[in-house]
Amino acid sequence: MSSARMAWLASLGLLPAAAWGLLLFGPPAAAVLVVSIAAAAACELAVTLPRHGYTLSDGSAFFTGALVALMMPPAVPLYVPAVASAFGILVVKQTFGGLGRNWMNPAMGGVVFSFLSWPGLMSRWAAPLGSAAAGAEVPPLEALRAALAASGPRDVTPLGVLGRAGYPFSPMDASAVGWVNSHVLAPLGAALPQGSFDILVGHVAGSIGATCVPLVVAGAALLLARGVIRWHLPVFYLGTFALLSLVFGGLGTGQGWFAGGPGFHLLSGNLVLAAFFAAPDPVTSPLTDTGRLALGIILGVLTFLLRFFGSLADGAAAAILLGNCISPLLDRWLERRKSRVMEREAA
Amino acid sequence: MTDAGSGPIRPAAMREAPAVLLLLGFLPSVVVAVRVVDALWMAAGVLLVSIGSAVARSLLDWSSGSPGASTVGQTARWLRALVVSSLLTAAFEAALLAVAPAASAALGIYAPLVAVNLLAVGTDAASPRPLRAALGALHKGAWYAAGLVVVAFAREVLGAGTITLFPAGGFGGTIVVSALLDQPVRALGLAGGGLLCMGYLAAAVRAVSARKTGRST
């Protein structure tokens, strides 16, 4: 499969999440998307047109711009996604030789650069469509951190912490959770916490394209079905993160071991979007399935550490950049190991 | 252990491992070069120690009776350069503390690293004649200092929205770039941003040199 086809298919995979983001956050989100893609395309043209001719048709600049935009807060000033895309294309990609030669994911480079440069602007969230209550403009993950920082550990799940802190989930959430609890879970002696529906369908504040995880996964399914990405890296990435969240995540909320609420953490932040659309980037991820598997585990550990113990609320983008640094080492180490095994077998 | 003759003095590990060179040589300077005024002080330190060290080592060679042909072993030459540079760095640090305590506090732990800096970047070249050694060190040190100031200028303007110089008369010492003051690109103030600026500066210099070489051949 050509790299252009892969990039355009990946862009197509972003479409469901982007459409949901535009529906949820309206014209400001559309402006961020347009500016980010336009900036990426303009920078790509400015660098490549004099030397290599027209390269926009390979789709990589479009994909970088779109992914940067989907990881931005909807109310961010427009120069931030523009600079992030420009940084990704000019510094991360073209400085190192262009498509196929960058050692770091351009979109993640741009996003992390923005987080480090304008942490305040990168927290300009907006309330989703139909949520006018005070506090609805804060993403659940950030609200959880704030609630835990304000009142210390509490003996409940992450959604329980949000509920006690008065996080404004939608009326639709109350209806849906109430119906499921009374008709499905009550006979089993179980109950969903308030907010489960909003978190699952992505009717919460957050990055433009990352709130609705089922739609992100639907887009990723297209990439997996068409062979654009392989399952090893995202599955082991998310699996490792979920396992660590389950085992250790509850310590921060006072619930002890094996009670960390991995579902909440998987459905919050940019994690799933990054795991399917940035981490398996064929240029910056290992070449072998074993390498991808190993990198997935490493990324899961890094994201867990950054999210639970770092200053970044999300941590996925920074973890992927760190993972990009060790991808070539994984390939080299695995190649050496393979050649040693072959030598032994030959002997 | 070292280059022969009057070439730059660097341990082999630094020559063979660019990352070590980068970390040891540039990182202290890059960390300091967040404000133009700090870069100017650091540049002054590099220049003074570089020139002083080159002249002192040249004189040591001259006093041994065979200028240009070092009578000590190569490992000893490297250690001698380190000792001389360290002594001069300590003198610079003490002078800075006396003359400009604020600058001394701003440079902090990085001022003593001028000595390591010199060895790592290879500006501390020995020459058989003191005057020539001084001029050689001035030439190399000036380029290094200029680079440091340019990097600091770019980082401070973009990363903080200010240009900090020496206060004089009615001038408070700080020029404000109002367009960038409210939301500066803070990433450039971090060490990674400094390395990025330095990398682009090095690439620009290399590109200009390559173009000049291409024209002359």
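Because the structure is a prediction, the values reported are computed rather than measured.

### A short note on the overall build of chain B
Consideration 1: A count of helices and strands for chain B gives nine helices and two strands.
Consideration 2: Across the 217 residues in chain B, those meeting the buried criterion constitute 40%.
Consideration 3: Sequence separation of at least 24 residues holds for 72% of the intrachain contacts in chain B that already meet a minimum separation of 6.

### Quick look at the confidence of the model for chain B
Residues and elements named next belong to chain B.
Consideration 1: Averaged over every residue, the pLDDT of chain B is 79; residues scoring 70 or more account for 76%.
Consideration 2: Predicted confidence is poor over residues 1-6, with pLDDT under 50, and the contacts of this stretch with residues over four places away or in other chains come to 17 contacts.
Consideration 3: Confidence estimates for the predicted assembly give a pTM of 0.85 and an ipTM of 0.80.

### Thoughts on helix α3 (residues 60-70) of chain A
Residue and element names in this part refer to chain A.
Consideration 1: Of all 11 residues that make up α3, 11 are buried, and the element is covered over most of its length.
Consideration 2: Within the span of α3, buried status applies to Ser60, Ala61, Phe62, Phe63, Thr64, Gly65, Ala66, Leu67, Val68, Ala69 and Leu70.
Consideration 3: Among the structural elements, α1 (3-25), α2 (27-52), α4 (79-93), α5 (106-117) and α13 (271-277) are those in contact with the buried residues of α3.

### Remarks on the packing of α1 of chain A against helix α10 (residues 213-225) of chain A
Residue and element names in this part refer to chain A.
Consideration 1: Across the interface, α1 lies against α10 with an axial gap of 8 Å and an inter-helix angle of 165°. One way to sum up the angle between α1 and α10 is to call them roughly antiparallel. Seen along the crossing, α1 lies across α10 with a hand that is right-handed. Residues Leu9, Ala10, Leu12, Gly13, Leu14, Leu15, Pro16, Ala17 and Trp20 of α1 form the contact with α10, whose participating residues are Leu215, Val216, Ala218, Gly219, Ala220, Leu222 and Leu223.
Consideration 2: The residue makeup of the contact of α1 with α10, split by class, is 14 nonpolar, two polar and no charged.

Rules used throughout
Residues numbered from 1 in each chain as written. Chains lettered and ligands numbered in written order. Predicted model: local features only at pLDDT ≥ 70, side-chain atom pairs only at ≥ 80, totals over all residues. Helix = DSSP H or I, 4+ residues; strand = E, 2+ residues; numbered from the N terminus. Buried ≥ 20, exposed ≤ 12 C-beta atoms within 10 Å, placed from the backbone. Contact = placed C-beta atoms within 7 Å. pLDDT = per-residue confidence, 0-100. Axes fitted to C-alpha atoms, helices over the stretch in contact; angles between N-to-C directions. Parallel < 35°, antiparallel > 145°, perpendicular 65-115°, else oblique. Left-handed = near helix turned anticlockwise from the far one by under 90°. Nonpolar A, V, L, I, M, F, W, Y, C, P; charged D, E, K, R; others polar.

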